[in-house]
Amino acid sequence: MPTECRTARVIDSHTEGEPTRVVVEGGPDLGSGSMQERLEIFRSQFDSFRAGVCCEPRGSEVVVGALLCEPVDRECVTGVIFFNDIGYLGMCGHGTIGVVRTLAHLGRLQPGRHKIETPVGIVEAELLDDGSVRVRNVESYRYKSAVPVEVPGFGTFTGDIAWGGNWFFLIGTHPFELTLANRHQLVQVSHAIRESLARAGVTGADGAYIDHIELFGKPVHAENSSRNFVLCPGASFDRSPCGTGTSAKMACLYADGVLKVGQQWRQESILGTHFVGTVQGVGDRVLPTIQGKAWITGESTLLFDETDPFRGGILY
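Residues numbered from 1 in each chain as written. Predicted model: local features only at pLDDT ≥ 70, side-chain atom pairs only at ≥ 80, totals over all residues. Heavy atoms only, no water.

Describe the environment of L197, and please don't skip the residues or the numbers.
Its place among the elements puts L197 in helix α4 (residues 183–199). C-alpha of L197 to C-alpha of V147: the two residues are 50 residues apart in sequence and 9.9 Å apart in space. Other than its neighbours up to four places away in sequence, L197 contacts V149, F169, V202, I210 and I213. (Helix = DSSP H or I, 4+ residues; strand = E, 2+ residues; numbered from the N terminus. Contact = heavy atoms within 4.5 Å.)

So this is what it looks like as structure tokens:
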């Protein structure tokens, strides 16, 4: 007897090394409420779809998913909810660049400025003639500076807590070499830092969980400003320079008087790719802009057979 097999059409891309999987057809019906309300419906009623898209055997811990939705604000070209192998993201810089590149690939937008609705607010993205994408992120700010945390087995680290669309703990002073060959140690220490922050009750505003850890060091390429390593929610690290992390970093630099309005900050990733960032001042906060490129890597139809024991992904 034939079995029911749900399908979802996806387009894969990578932004400066970090993958994005955009669901363009076949996603769950989340209603017509706000993007935040739809995210909660997604989380509470369709979480197995999230896991099925991003987790093995169809995905991996590195994949960031993006579900396209009809926007509430009709000035927006689309709404989007970002997610990964363990949950949901408020905003995703590299993912937004991937979404814009995907929509251009589909012929749904042309070079120029476009608004995109996310659960944490509307962002503006500009597709440039050279194929790169410039994203104006949500308002970003440093919440607390020079916060110490004791990490068993590693010692004490001091970092800033900042919002760039996600919550970050940003550490500039540490003994680690930020190279791809050293990724296992970097994942281990940054995971330990995140757990120590939670145990110590160190949070973002209103008790928000800090789910991103960002280490900084000198760039490999002299034209860049800094190199980073970013632990994403879960156990994977960002292959790109991290758009929300770059936004959070620039907010801290602005608060310190180091980064001026309009001054470029070239953030280098663990792979050596980079984003170019600038900020506009909004009181004690900033409106950050990041620019990078994405490349389409594939188009496919995901199959979710009702008899498949891993229809909803392999969960660790």
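Read on for the rest.
Account for the packing of aromatic side chains, with residues named and values stated.
If you walk through the whole model with that rule in mind, you get 10 aromatic pairs. Each ring, one from F42 and one from Y88, has its centre 5.2 Å from the other, and the planes form 65°; the classification is edge-to-face. Placement of F42 in helix α1 (residues 35–45) and of Y88 in strand β5 (residues 88–89) is noted, with a sequence separation of 46 residues between them. Using a relative accessible area of 0% as the deciding quantity, one classes F42 as buried. Judged by its relative accessible area of 13%, Y88 falls in the buried class. Aromatic side chains F49 and F304 sit 5.7 Å apart centroid to centroid with 40° between the ring planes, which places their arrangement in the tilted category. On the criterion of sequence distance, the pair formed by F49 in helix α2 (residues 47–54) and F304 in strand β17 (residues 294–305) is long-range, its members being 255 residues apart. Taken individually, F49 and F304 each receive the classification buried, so the pair is uniform in this respect. Grouping aromatic residues by their ring pairs yields a cluster made of F42, F49, F83, Y88 and F304. (Phe/Tyr/Trp six-rings, centres within 6.5 Å; stacked < 30°, edge-to-face > 60°. Buried < 20%, exposed > 50% of the residue type's maximum accessible area, 1.4 Å probe, protein only.)

Explain unusual backbone geometry to me, using residue names and the numbers behind them.
What is expected of a backbone is that most residues other than glycine have negative phi and most peptide bonds are trans. Residue P57 follows E56 across a cis peptide bond; omega there is 10°. As for its placement among the helices and strands, P57 is situated in the loop between α2 and β3 (64–69). A positive phi angle, near 50°, is found at A146, a position not held by glycine. Along the chain, A146 falls in strand β9 (residues 141–151). Given the relative accessible area of 51%, A146 is considered exposed.

So, the pattern of salt bridges: which residues are in play, and what are the values?
It is possible for side chains bearing opposite charge to pair when their charged atoms get close. Within this structure, the stated rule accounts for 14 salt bridges. Between R58 and D308 there is a salt bridge, with the nearest N and O atoms lying 3.1 Å from each other. Note that R58 is positioned in the loop between α2 and β3 and D308 in the segment after β17, a separation of 250 residues in sequence. A salt bridge links R113 to E126; the shortest N-O distance between them is 3.7 Å. Here R113 is found in strand β6 (residues 112–118), whereas its partner E126 is found in strand β7 (residues 121–127), with 13 residues between them in sequence. (Salt bridge = Lys/Arg side-chain N within 4 Å of Asp/Glu carboxyl O.)

Could you give an account of the pairing of strand β14 (residues 265–268), with specific residues and numbers?
Burial along β14 is two-sided: the residues W265 and Q267 and R266 and E268 are all buried. Inspection of the sheet shows strand β13 (residues 226–231) paired to β14 by two bridges, in the parallel sense. Within the sheet, the bridge partner assigned to S226 lies in β14 and is Q267. Taking the sense of rotation as the criterion, the β-α-β connection linking β13, helix α5 (residues 243–255) and β14 turns out right-handed. Two elements, β14 and strand β15 (residues 274–282), share four bridges in a ladder whose sense is antiparallel. Its bridge partner lying in β15, W265 is registered against G277. A loop of five residues connects β14 with β15, the two strands running antiparallel in sequence, and G272 in this loop sits at a positive phi of about 95°. (Pairing = 2+ DSSP bridges. Right-handed = clockwise from strand over helix to strand, strands pointing away.)

An account of α1 is needed here, citing residue identities and associated values.
Restricting attention to buried positions, one finds in α1 the residues M35, R38, L39 and F42. The buried side chains of α1 occupy one side of the element, clustering within an arc of 105° when seen end-on. What points out from α1, more than 90 degrees from its buried face, is the exposed set S44 and Q45. Residues of α1 that are buried in the fold lie against α2, β3, β4 (76–83), β5 and β6. (Arc of directions from axis to C-beta.)

I'd love a proper account of the side chain of T246, names of residues and values included.
By the element assignment, T246 lies in helix α5. With a relative accessible area of 0%, T246 lands in the buried category. A distance of 3.2 Å separates the side chain of T246 from the backbone oxygen of P241, its partner in a polar contact. For T246, the contacting residues outside a window of four places in its chain are E214, P241, W265, Q267, F275 and I290. (Polar contact = N/O pair within 3.5 Å; in protein donor to acceptor, adjacent residues only side chain to side chain.)

Explain the nonpolar core residue by residue, including any values.
Note that soluble globular proteins tend to have their nonpolar side chains buried in a common cluster. Counting residues in each nonpolar core, the largest one holds 59 residues, and the members touching the most others are F82, V99, F157, F169, I193, L197 and F229. Counting residues per element, this core draws most heavily on α4, which supplies six residues. Apart from the residues within four sequence positions on either side, F169 is in contact with V147, V149, T158, G159, D160, I161, I193, L197, I210, H212, I213 and E214. Judged by nonpolar contacts, the second largest core, of 18 residues, contains A8, L30, C54 and V63. (Core = buried A, V, L, I, M, F, W, Y, C linked by side-chain atoms within 4.5 Å.)

Tell me about the pairing of strand β2 (residues 18–25), and name the residues and values.
The side chains of a regular strand alternate between both faces of the sheet. Counting buried positions over the eight residues of β2 gives six, a clear majority of the element. Relative to β2, strand β1 (residues 5–15) runs antiparallel, the two being bridged by seven bridges. For H14, the partnering residue across the bridge sits in β2 and is P19. Between the antiparallel neighbours β1 and β2 lie two residues, among them E16 with a positive phi of about 50°. Bridge analysis of β2 against β3 gives four bridges, and the strand direction is parallel. Residue pairing in the sheet places V23 in a bridge with L67 of β3.

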